Amino acid sequence: RGSAWGAGQAPVGNITLKEVYHIAKAKSMDPERVGQPLRPICMSIIGTAAAMGIKVTRNLLPEFSKRDDVPVEALEEMRKELKLRNKAMKRAKK
């Protein structure tokens with residue numbers, strides 16, 4: 001079913017069903033998906049992941065378990081700090 005790209009090859013990445021659910025929750029807020037049930041959105045994400053060589057499992061596979069999980073709040077803070085640092089560097093160049 002679907003694309004044969006990567007068939008029989010080792011996965012290039014791994015995401016959990018919980019992560020698929022969170023991605024679907026975010027995508028459900030897109031204007032074209034408002035009111036659409038989460039299940040079809042999840043199935044679409046799983047299909048896209050498979051086409052890209054990403055394996056979807058209940059738990060992370062051992063070879064991908066050392067992934068750096070950073071909370072969203074921390075990522076937002078890092079983004080703000082980076083933006084301020086870049087702005088300061090631009091001012092220093094003038």
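Here the structure is a predicted model, which means the values were calculated and not measured.

A. Summary view of the pattern of salt bridges. Scanning the model with the defined rule gives one salt bridge in all. Between R79 and E76 there is a salt bridge; the shortest N-O distance is 3.0 Å. Highlighted residues: R79 and E76, both in helix α3 (residues 72–93), separated by three residues, approximately one helical turn. On the basis of relative accessibility, which here comes to 36%, the residue E76 falls in the partly exposed class.

B. Expanded view of the nonpolar core. Counting six residues, the largest nonpolar core is built from I15, V20, A24, I41, C42 and I45. Only α1 (17–27) and α2 (38–51) provide two or more residues apiece to this core. Counting residues per element, this core draws most heavily on α2, which supplies three residues. Aside from chain neighbours lying at most four places away, what touches I45 is V20, I23, A24 and K27.

C. Just the environment of L38, in detail. Positionally, L38 belongs in helix α2. Given the relative accessible area of 25%, L38 is considered partly exposed. With eleven residues separating them along the chain, L38 and K27 place their C-alpha atoms 9.1 Å apart. Those residues within four positions of L38 in sequence are excluded, and the remaining contacts are Y21, A24, K25 and S28.

D. Structural detail: the side chain of N14. By the element assignment, N14 lies in strand β1 (residues 13–16). With relative accessibility at 4%, the residue N14 sits in the buried group. A polar side-chain atom of N14 sits 3.1 Å from a polar atom in the side chain of T57. A distance of 2.6 Å separates the side chain of N14 from the backbone nitrogen of L61, its partner in a polar contact.

E. Here's a closer look at a positive patch on the surface. On the surface, a cluster of positive charge is contributed by K83, K87, K90, R91, K93 and K94. Along the chain, K90 falls in helix α3.

F. The arrangement of the environment of P11 in detail. Residue position: P11 is located in the segment before β1. Since its relative accessible area comes to 30%, P11 is described here as partly exposed. The spatial distance from the C-alpha of P11 to the C-alpha of K55 is 6.0 Å, given a sequence separation of 44 residues. Those residues within four positions of P11 in sequence are excluded, and the remaining contacts are G53, K55, L61 and F64.

The rules we used
- Residues numbered from 1 in each chain as written.
- Predicted model: local features only at pLDDT ≥ 70, side-chain atom pairs only at ≥ 80, totals over all residues.
- Heavy atoms only, no water.
- Salt bridge = Lys/Arg side-chain N within 4 Å of Asp/Glu carboxyl O.
- Helix = DSSP H or I, 4+ residues; strand = E, 2+ residues; numbered from the N terminus.
- Buried < 20%, exposed > 50% of the residue type's maximum accessible area, 1.4 Å probe, protein only.
- Core = buried A, V, L, I, M, F, W, Y, C linked by side-chain atoms within 4.5 Å.
- Contact = heavy atoms within 4.5 Å.
- Polar contact = N/O pair within 3.5 Å; in protein donor to acceptor, adjacent residues only side chain to side chain.
- Patch = residues over 30% accessible without salt bridge, like charges linked within 9 Å, V, L, I, M, F, W, Y side chains within 5 Å.
- Areas by Shrake-Rupley, 256 points an atom, 1.4 Å probe, with all protein chains shown as cover.
- Lys, Arg positive; Asp, Glu negative; His and termini not counted.
- Charge placed at Lys NZ, Arg CZ, Asp CG, Glu CD.

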